[in-house]
Amino acid sequence: MITNGFTYFAVLCALCGGLLAAQKYIKNKYVQKFFGLLPPIVLVYLIGMILCTINFWDLEATKSTYSGLKNNILYGMIFLMLLRCDIRKMIKLGPKMIIGFFVGSITVMTGFIVTFLIMKNILGPDSWKALGALCGSWIGGSGNMATLQEIFQVSEGDYAYALVVDSIDYSIWVMLLLWSTRFAPMFNKWTKADTSRLDEVSMSIGEEMAEKKEGITFVSLMVLIGSALLVSAVGQNVGALLANSIGLLDKATWIVLFITALGLICALTPFGKIAGAAELSNVFLYAVVALLASRANFMELNDAPMWIISGFIILAIHGILFTIFAKLLKMDMFTCGVASLANIGGVASAPILAGTYSGSLVPVGVLMALFGTVFGTYLGMITGYIMKFFA
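In what follows, the accompanying structure is described.

Calculation notes
Residues numbered from 1 in each chain as written. Predicted model: local features only at pLDDT ≥ 70, side-chain atom pairs only at ≥ 80, totals over all residues. Heavy atoms only, no water. Helix = DSSP H or I, 4+ residues; strand = E, 2+ residues; numbered from the N terminus. Buried < 20%, exposed > 50% of the residue type's maximum accessible area, 1.4 Å probe, protein only. Contact = heavy atoms within 4.5 Å. Areas by Shrake-Rupley, 256 points an atom, 1.4 Å probe, with all protein chains shown as cover. Polar contact = N/O pair within 3.5 Å; in protein donor to acceptor, adjacent residues only side chain to side chain. Phe/Tyr/Trp six-rings, centres within 6.5 Å; stacked < 30°, edge-to-face > 60°. Lys NZ or Arg CZ within 6 Å of the ring centre and 35° of its normal. Core = buried A, V, L, I, M, F, W, Y, C linked by side-chain atoms within 4.5 Å. Patch = residues over 30% accessible without salt bridge, like charges linked within 9 Å, V, L, I, M, F, W, Y side chains within 5 Å. Salt bridge = Lys/Arg side-chain N within 4 Å of Asp/Glu carboxyl O.

Our next topic: the overall build of the protein. For the protein, the count of helices and strands is 18 helices and zero strands. The buried share among the 391 residues of the protein stands at 53%. Long-range contacts, defined here as pairs at least 24 residues apart, represent 83% of the contacts in the protein between residues at least 6 apart. Carbon and sulfur atoms make up 68% of the accessible area of the protein, which totals about 17200 Å².

Take unusual backbone geometry next. Unusually for a residue other than glycine, Asn-55 sits at a positive phi of about 60°. Structurally, Asn-55 can be placed in the loop between α3 (40–53) and α4 (63–82). In this structure, Lys-330 takes a positive phi of about 55° despite not being glycine. For Lys-330, the location among the structural elements is in the loop between α15 (305–329) and α16 (333–344).

Another aspect to go through is the side chain of Thr-191. Among the structural elements, Thr-191 can be located in helix α10 (residues 184–191). On the basis of relative accessible area, Thr-191 is assigned to the buried category, the value being 1%. A distance of 3.0 Å separates the side chain of Thr-191 from the backbone oxygen of Met-331, its partner in a polar contact. Ignoring sequence-local partners within four residues, the contact set of Thr-191 consists of Ala-326, Lys-327, Lys-330 and Met-331.

Counting across every chain of the model gives 11 aromatic pairs. Considering the side-chain rings of Trp-128 and Tyr-385, the 6.3 Å spacing of their centres and the 40° angle between planes classify their relative orientation as tilted. Note that Trp-128 is positioned in helix α7 (residues 127–137) and Tyr-385 in helix α18 (residues 362–390), a separation of 257 residues in sequence. What makes Trp-128 buried here is its relative accessible area of 7%. With 5.4 Å between their ring centres and 90° between their planes, Phe-152 and Tyr-385 make a pair best called edge-to-face. Pair noted here: Phe-152 is in helix α8 (residues 142–152) and Tyr-385 is in helix α18, with a separation of 233 residues, a long-range link. Classification of Tyr-385 by relative accessible area gives partly exposed; the value is 39%. An aromatic cluster of three or more residues is present, and its members are Tyr-8, Phe-56 and Trp-57. The residue whose ring lies beneath Arg-295 is Tyr-66, and the NZ or CZ to ring-centre distance is 5.0 Å. Directly above the aromatic system of Trp-190 lies the positively charged group of Lys-327, at a separation of 5.0 Å from the ring centroid.

Time to look at the nonpolar core. Tyr-45, Met-77, Phe-112, Leu-131, Trp-138, Ile-352 and Met-368 are the most contacted members of the largest nonpolar core, which has 111 residues in total. Here the element with the most residues in this core is helix α14 (residues 277–293); it accounts for 12 residues. With sequence-adjacent residues up to four places away left out, Trp-138 is seen in contact with Val-108, Phe-112, Val-165, Asp-166, Asp-169, Tyr-170, Gly-311, Ile-314, Leu-315, Asn-343 and Ile-344.

For the rest of this paragraph, the subject is a nonpolar patch on the surface. On the surface, Ile-99, Ile-320, Ile-324, Phe-325, Leu-328 and Leu-329 cluster together into a nonpolar patch covering about 570 Å² of accessible area. The greatest single-element share of the nonpolar patch, amounting to five residues, is contributed by α15. Residue placement: Ile-320 occurs in helix α15.

Below is the structure:
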């Protein structure tokens, strides 16, 4: 069992590097078919969960390393990805992304209400309180969940069950959405989605990235690494200051808002043309995904099984209804996936999924997640009181 924090992180980085190298250098057709089915980023998540489950590292001993690295790298990643984003091009995407978010919210709310009607005799008539709090978390983040816990007066026992569902079911959903990216062309063809605007923005950014790639130097990499880490550090201090002085939003949301604004501004300046941002942001992306997976334990599926099953029912209803709406509204896979994770995951996850499609589209994930932060408490409250009516 690994108890050293540095060794723990080194293993995760080696896992990422090993899987990427295997995909690139092993030319065996069966290996390539395997990676076509399960891309490296999904395998990083899956293997990380397996290693956590078998206690390959000590969770308590490595907790400080995880806490010290995850958010610091995440915020740096968001900044680097935003350097590839010209906001003037993002405007061309139109209102479909916002519509997608609210479709995701409505289907999540429906999933909670229907699941409560199915499971209330098993979970208990007061389970609407914990499910309402969980709904707030799945439309905006843990800050909303804590607020609704106070509003609904959720018991400590039921709140603990909700936290287990929030951890386990969410982790599985993230892995499924990362895996689903490979089916985007087929899905878009089935829904008859018009991805011309999305493709235009991605292609334009891709051409710029190709030009920049040729200019990567030692100096450009050092400037980008130093800037990303500095922005992450400053952003967290500014976020804490704004949360304490202004309130309204939680610390994490203020941090993301500050870093997003700074990244979008820098992207319009010569700083945004520095070569290497795409490559470094992908390095940070894999590190964050590996760290997230390293704390997800499959054995927790044994805890509160009926609550966990309820969580999967909610996600199944959300996924089925969202797919139906996607067909009716002709939405593409990117919009559906990021909108779903903006609800279920929030500011820490939606930009990651958006980045797996294209680094230039990270702001879309941030925008959707911020909608969840603003509306999550109210939508969760509405859902909770509807469930209470049927209790």
